[in-house]
Amino acid sequence: MTAATAAVHEIKEQLEQQGGTGNVWVEDWNDRFGAELGPLRDFIESCAEFTIIPAPQGRKFVVQLAEGGEGKGSKGQLYPRLINRGPTKGSGRAMPIQLNSKGPTKGSGRVVPSQSNSKGPTKGSGPAIPSMSNGGKSGNNGSIVVRAGGKRGGKGSLAFASQCSSPEEVANQVHSALHEALSEAVQPIAELEETWSPEELRKRIVRYIYKGFAAEELTALPWSQAVRQFVEKATQTYTSVCSDKPWFHELDITPALVSAALCLACACEGGSIRPQPQQVEGVVTEWHHLLLSKTRVDKVLWETIQTVFPVEEKSQTKLQNALSKSYGPAYEAARLKGRSAKDFRYAERFVKAWVHDGISRAWNGVADNEQVLNESTVVEFFQTLVAPYDSSDSCLPAPLVAGLERSPEEWGAFLHETVRAWYEECANPPSPGTKKKTHPSSSTTLPSCTDTMSNL
């Protein structure tokens, strides 16, 4: 397969996962393809399979699969099924309105109701997305309209008006979305709750998820960053309070989070391209499930620390905190961004980041660190986490290894190489001026977490 063919295949795969139109980001483009194919945008423009769609003011661009793959991608076009109606009175810049999009088929997922008189989900679908406007009148400042018309399985439309909602309006929309989505979701599990009534159960879950929601701060961010921060805080608070409840593993709050995240994403200022609902759902699902699995990871992590590092509890706690806090950033450094894992490249990137950042964080907090965090013990520790005898105890993020298999011996060889590289990097810091820490075998400087992560 030529480089051009491989690049086209990867770009097509990303666009197909976004419904044929979206943003394109190719991992390590310059290293893998740049020398032969040139800049990413220039290559896309040269391909008959794609059409470039410039964003307002030329700051970004969106890529669309060309109809039938014929005809060179052209600049300056809007989506064939999008029209720009211009700004309504007092509303700021106009947003495109998608026409003739197919609604959900029977039992396929959420139905997005009209901006007013939302009647909730249809039979067989997930929770409805609540009203997202401040009245729906043309020209109203701050209206954010999400609507779907037609019967179930028929045609509908998705429209975003300009994003001028005040933080108070966004906060109300998010709270209403959670309230509506959870009203029905808690009914099947209410009988498992030993203390609260169904109504009290719903109120408490909404309160836990909504707690600390900062609309003004979040809406100033790009939508993906805002949604991720919302999901992280909501999931962590909800899990910390409810994980011991008998119904915890029976109640899926993902649809409620998606409903609320759509309200938030549509109001974000940090970016000119409005997200598609499936993009928002993808971000919510990915991070919510990762954080849910993190609860199990933290438990396995603590048990493994107690077994491999028989030191005082204070040092064990320092290790636990350091490795737990470095788990999320390591996943962020390796995440697939909507792609499917075809090999262990992403999993290896995660492990490398986790080892480097985690041990860097832990080093000064562990008593007798040179003896405790020696190379062979660190390798044994991470091999127990990554490739345990019972694969269900693996701490590798599921999306990075889905459908893939690797023996403990192969992981052991990779970990030996990774840990040795960390020690060598400590002994030979990349640049002066890094944060001073004691090296395991000398007085040389140890790179800070930020420096180490930047070199991955």
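All values reported here derive from a predicted model rather than from experimental measurement. (Residues numbered from 1 in each chain as written. Predicted model: local features only at pLDDT ≥ 70, side-chain atom pairs only at ≥ 80, totals over all residues. Heavy atoms only, no water.)

Novice: Help me out: how do you make sense of the overall build of the protein in this one?
Specialist: Regarding its fold elements, the protein presents 16 helices and 6 strands. When the 456 residues of the protein are sorted by exposure, 47% land in the buried category. Of the roughly 22400 Å² that the protein leaves accessible, carbon and sulfur atoms contribute 49%. (Helix = DSSP H or I, 4+ residues; strand = E, 2+ residues; numbered from the N terminus. Buried < 20%, exposed > 50% of the residue type's maximum accessible area, 1.4 Å probe, protein only. Areas by Shrake-Rupley, 256 points an atom, 1.4 Å probe, with all protein chains shown as cover.)

Novice: Help me out: how do you make sense of the nonpolar core in this one?
Specialist: Considering soluble globular proteins, one finds that nonpolar side chains tend to be buried as a cluster. Ranked by size, the top nonpolar core spans 92 residues in total, and within it Ile 209, Phe 230, Phe 350, Trp 354 and Phe 382 carry the most contacts. Counting 18 residues, the second-largest nonpolar core is a separate cluster that includes Ala 7, Leu 15, Ile 44 and Ile 52. (Core = buried A, V, L, I, M, F, W, Y, C linked by side-chain atoms within 4.5 Å.)

Novice: Got a minute to help me understand the side chain of Gln 279 in this structure?
Specialist: Here Gln 279 lies in helix α9 (residues 277-308). A polar contact of 2.7 Å, which involves the side chain of Gln 279, links it to the backbone nitrogen of Gln 276. Beyond its immediate stretch of four places on either side in the chain, Gln 279 contacts Gln 18, Asn 23 and Trp 223. (Polar contact = N/O pair within 3.5 Å; in protein donor to acceptor, adjacent residues only side chain to side chain. Contact = heavy atoms within 4.5 Å.)

Novice: Please clarify how the environment of Glu 232 should be interpreted in this entry.
Specialist: The residue Glu 232 is located in helix α7 (residues 223-242) in this model. Through-space distance from the C-alpha of Glu 232 to that of Leu 290 is 9.5 Å; in sequence the pair is 58 residues apart.

Novice: Hey, could you run me through the confidence of the model for the protein in this one?
Specialist: Low-pLDDT stretches of the model should not have their predicted coordinates read in fine detail. With 69% of its residues at a pLDDT of at least 70, the protein reaches an overall mean of 73. Below pLDDT 50 for its whole length, residues 69-163 participates in 196 contacts with residues either more than four positions away or in separate chains. Under a pLDDT of 50 for its full length, residues 436-456 has, in the predicted model, 52 contacts with residues more than four places off or in other chains. (pLDDT = per-residue confidence, 0-100.)

Novice: For this particular structure, what's the right way to read helix α15 (residues 408-427)?
Specialist: Because the α-helix completes a turn every 3.6 residues, residues three or four places apart line up on one side. Here α15 is 20 residues long and its end C-alpha atoms lie 28 Å apart, about the 28 Å a rise of 1.5 Å per residue gives. Of the positions making up α15, those classed as buried are Trp 411, Gly 412, Phe 414, Leu 415, Thr 418, Val 419, Trp 422, Tyr 423, Glu 425 and Cys 426. (Expected span 1.5 Å × (residues − 1).)

Novice: Can you walk me through the side chain of Gln 18 in this structure?
Specialist: Mapping Gln 18 onto the fold places it in the loop between α1 (3-17) and β1 (21-22). In terms of polar contacts, Gln 18 uses its side chain to reach the backbone carbonyl oxygen of Asn 23, at 2.9 Å. Excluding its chain neighbours within four sequence positions, the residues that come into contact with Gln 18 are Asn 23, Gln 278 and Gln 279.

Novice: Where do I start with helix α10 (residues 313-334) in this structure?
Specialist: The terminal C-alpha atoms of α10, which comprises 22 residues, lie 31 Å apart, in line with the 32 Å expected from a rise of 1.5 Å per residue. Largest kink in α10: about 30 degrees, centred on Tyr 327, with the proline Pro 329 one to four residues after it. (Bend = angle between axes of the 7 residues up to and from the residue.)

Novice: Looking at this model, I keep getting lost on the packing of α7 against α9. Mind explaining?
Specialist: For any two helices packed against each other, the geometry comes down to the angle between their axes and how far apart the axes lie. It is the contact of α7 with α9, at a shortest axis distance of 9 Å, that shows an interaxial angle of 35 degrees. Both α7 and α9 take part in a crossing whose hand is right-handed. Where α7 abuts α9, its residues Trp 223, Ser 224, Val 227, Arg 228, Val 231, Glu 232, Thr 235, Gln 236 and Thr 239 lie against Gln 279, Val 280, Val 283, Val 284, Trp 287, His 288, Leu 291, Leu 292 and Thr 295. Of the residues that constitute the contact of α7 with α9, the class distribution is 9 nonpolar, 7 polar and 2 charged. (Axes fitted to C-alpha atoms, helices over the stretch in contact; angles between N-to-C directions. Left-handed = near helix turned anticlockwise from the far one by under 90°. Nonpolar A, V, L, I, M, F, W, Y, C, P; charged D, E, K, R; others polar.)

Novice: Quick question: what am I supposed to make of the packing of aromatic side chains here?
Specialist: What describes a pair of aromatic rings is the distance from one ring centre to the other and the angle between the planes of the rings. The final tally for this structure, using the stated rule, is 16 aromatic pairs. Judged by centre distance (5.2 Å) and plane angle (75 degrees), the ring pair of Phe 381 and Phe 382 falls under edge-to-face. For Phe 382, a relative accessible area of 0% translates into the label buried. Put simply, the rings of Phe 309, Tyr 327, Phe 350, Trp 354, Phe 381 and Phe 382 pair up and form one aromatic cluster. Between Arg 228 and the ring centre of Trp 287, over which it is positioned, the NZ or CZ distance is 4.0 Å. The ring of Phe 344 is capped by Arg 406, whose NZ or CZ atom sits 4.4 Å from the centre of that ring. (Phe/Tyr/Trp six-rings, centres within 6.5 Å; stacked < 30°, edge-to-face > 60°. Lys NZ or Arg CZ within 6 Å of the ring centre and 35° of its normal.)

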